[in-house]
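Fold and contact review
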Amino acid sequence: MTAEDGVLAKYENQFSELLEDLPDADEPVWILGECYNVKTKKSELLSDVRSRFWFTYRKKFSPIGGTGPSSDAGWGCMLRCGQMILAQALVCRHLGRDWRWDPEKHQPKEYHRILSCFLDKKDSCYSIHQMAQMGVGEGKSVGEWYGPNTVAQVLKKLALFDDWNTLAVYVSMDNTVVIEDIKKQCQQPGRESKPRAGPCVRGEVSVSGQSCSEAQERALHLQSQSLDWRPLLLVIPLRMGINSINPVYIQAFKECFKMPQSCGVLGGKPNLAYYFIGFIDDELIYLDPHTTQQAVDTESGSAVDDQSYHCQRTPHRMKITSLDPSVALGFFCKSEEDFDSWCDLVQQELLKKRNLRMFELVEKHPSHWPPFVPPTKPEVQTTGAEFIESPDKLFESEEEFEILNV
């Protein structure tokens, strides 16, 4: 048994309640594009779920805006779910989908930097403070409950000020994803120089069997493509019914969790937000933010204790038919090829196989829509977790605010 197997076995015993709770059936479990057999891959399934960032209600953090609430209990659940879907995108961006959290091992610096973006303090770029105050621009008072679309708009605006992650957040309109607009938003402006490959000896053969010059040319192509494309978090707000989810959408909805680009789903029940990460049979698996924890002390100078940011208990399940019809699908595409692959999957698995479509995927910007202008930020410099003190101080004029709202 390897050391890794030993750790997995340890946590399998620790979380035996999950193993008993999950049905011991032949139906696979899908978690954010990964498939697990409950009978043979229990440890791997547990490790995957536990590795997702889990953001919950917190109390006794510094008051929002200086005089506002010092806890988000009772109102911040959708904001916490928004943090989780964004954190999943950042994990895929910097660590990869296969990365796993182990409390007994040292984590890479990128992991700690991602976590620092979400700490409950005013200068963390995706903190509850920043999200609640940016929500004021969406017509939400601090302390008011959010829906999936509103929190997606907040994430889209906050991402403009995050120079470390350089994430493009695209929120679809009218159930329509426009390929042309996404590619326009994700293209890096001002890239004139291309990365250089290492030295190559003429006639040398690479490990792959290609000539060295061919391998070098391919490496240059892949590097330039990865540099020219801003990683994409695609959010698709939907309403899949009137008062409850329409059963005709259920299979297509489940297909979204099978896609390797899946970043989860924002949704839940009326006034109860959950972060959905997968499904088994006719049940959804989700992380629940409705646990109030003490705010983590980040002022002492010591490393942040990250134990409370990972759900080390049974993840909840609910019948898909109990889902509120208002949801927001999330997908992460690190490269342009990744996005093109997602488009192909949507065409094949959702649009061609289903009579009723959850959303439309179109090549060109609809002519009857206003012109698409990629969002840009005001001239405010930020680096990673450092951020503005208060989003409502950013705008010099109403016109500048409207530009950001495009």
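Cut-offs and rules
Residues numbered from 1 in each chain as written. Predicted model: local features only at pLDDT ≥ 70, side-chain atom pairs only at ≥ 80, totals over all residues. Heavy atoms only, no water. Helix = DSSP H or I, 4+ residues; strand = E, 2+ residues; numbered from the N terminus. Buried < 20%, exposed > 50% of the residue type's maximum accessible area, 1.4 Å probe, protein only. Contact = heavy atoms within 4.5 Å. Areas by Shrake-Rupley, 256 points an atom, 1.4 Å probe, with all protein chains shown as cover. Axes fitted to C-alpha atoms, helices over the stretch in contact; angles between N-to-C directions. Parallel < 35°, antiparallel > 145°, perpendicular 65-115°, else oblique. Left-handed = near helix turned anticlockwise from the far one by under 90°. Nonpolar A, V, L, I, M, F, W, Y, C, P; charged D, E, K, R; others polar. Expected span 1.5 Å × (residues − 1). Pairing = 2+ DSSP bridges. Core = buried A, V, L, I, M, F, W, Y, C linked by side-chain atoms within 4.5 Å. pLDDT = per-residue confidence, 0-100.

**A closer look at the overall build of the protein**
The secondary structure content of the protein amounts to twelve helices and 13 strands. For the protein, with 406 residues in total, the buried portion stands at 50%. Here the analysis covers contacts within the protein between residues at least 6 apart in sequence; of these, 72% occur between residues at least 24 apart. Counting every atom, the protein has about 18,800 Å² of accessible surface; 48% of that belongs to carbon and sulfur.

**Observations concerning unusual backbone geometry**
Located in the positive-phi region is Leu 32, a residue other than glycine, with phi close to 45 degrees. Structurally, Leu 32 is set in the loop between strand E1 (29-31) and strand E2 (34-36). For Leu 32, a relative accessible area of 0% corresponds to the buried category. For Lys 60, which is not a glycine, the phi torsion comes out positive at approximately 65 degrees. With respect to the element layout, Lys 60 can be found in the loop between strand E3 (58-59) and helix H4 (77-94).

**Describing the packing of H4 against helix H7 (residues 148-158)**
Following both chains from N to C, one finds H4 and H7 inclined at 55 degrees, their axes separated by 10 Å at the closest point. With respect to each other, H4 and H7 are oriented oblique. For the element pair H4 and H7, the recorded crossing hand is right-handed. Across the interface between the two elements, Met 78, Leu 79, Gly 82, Ile 85 and Leu 86 of H4 pack against Pro 148, Val 151 and Leu 155 of H7. Looking at the contact of H4 with H7 residue by residue, the class counts come to seven nonpolar, one polar and no charged.

**Focus on helix H11 (residues 336-351)**
Over its 16 residues, H11 extends 21 Å from the first C-alpha to the last, a length consistent with the 22 Å expected when each residue adds 1.5 Å. Every buried residue belonging to H11 is among Phe 339, Trp 342, Cys 343, Val 346, Leu 350 and Leu 351, and all of these are buried. The elements touched by buried residues of H11 are strand E5 (176-178), helix H8 (179-186), strand E6 (232-239), helix H10 (250-258), strand E12 (326-333) and strand E13 (360-362).

**Notes on the pairing of strand E9 (residues 283-287)**
Across the five residues that make up E9, a large majority, five, are buried. Of the two faces of E9, both are covered, the one formed by Glu 283, Ile 285 and Leu 287 as well as the one formed by Leu 284 and Tyr 286. Looking at chain direction, strand E8 (residues 272-280) and E9 are connected through five bridges and run antiparallel. Directly across from Tyr 275, in E9, lies its bridge partner Leu 287. Hairpin geometry of E8 and E9 is characterised by an intervening segment of two residues between the two adjacent antiparallel strands and by a positive phi of about 55 degrees at Asp 281.

**A look at the nonpolar core**
Formed by 69 residues in total, the largest nonpolar core has its most connected members in Ile 31, Phe 53, Phe 118 and Tyr 126. With sequence-adjacent residues up to four places away left out, Tyr 126 is seen in contact with Gln 83, Leu 86, Leu 90, Cys 117, Phe 118, Met 131, Leu 158, Ala 159, Asp 162 and Asn 165. In terms of nonpolar packing, the next biggest core, distinct from the first, is built from 45 residues, Trp 229, Leu 232, Leu 284 and Cys 333 among them.

**Concerning the environment of Lys 41**
Structurally, Lys 41 is set in the loop between E2 and helix H3 (42-51). C-alpha separation for the pair Lys 41 and Val 29, spaced twelve residues apart in sequence, amounts to 9.7 Å.

**Examining the confidence of the model for the protein**
Looking at the protein as a whole, its pLDDT mean stands at 82, while 75% of the residues score no less than 70. Low confidence marks residues 1-20, where pLDDT is under 50. Its contacts with residues over four positions away, or in another chain, come to 25 contacts. In the model, residues 221-226 has pLDDT below 50 throughout and makes six contacts with residues more than four positions away in sequence or in other chains.

**Let's talk about H10**
Residues three or four positions apart in an α-helix share a direction because the helix packs 3.6 residues into each turn. By the criterion of burial, H10 is predominantly enclosed, with seven of the nine residues buried. Burial in H10 covers these residues: Ile 250, Ala 252, Phe 253, Lys 254, Glu 255, Cys 256 and Phe 257. If you follow the buried residues of H10, they end up packed against E1, strand E7 (262-269), E8, E9, E12 and H11.

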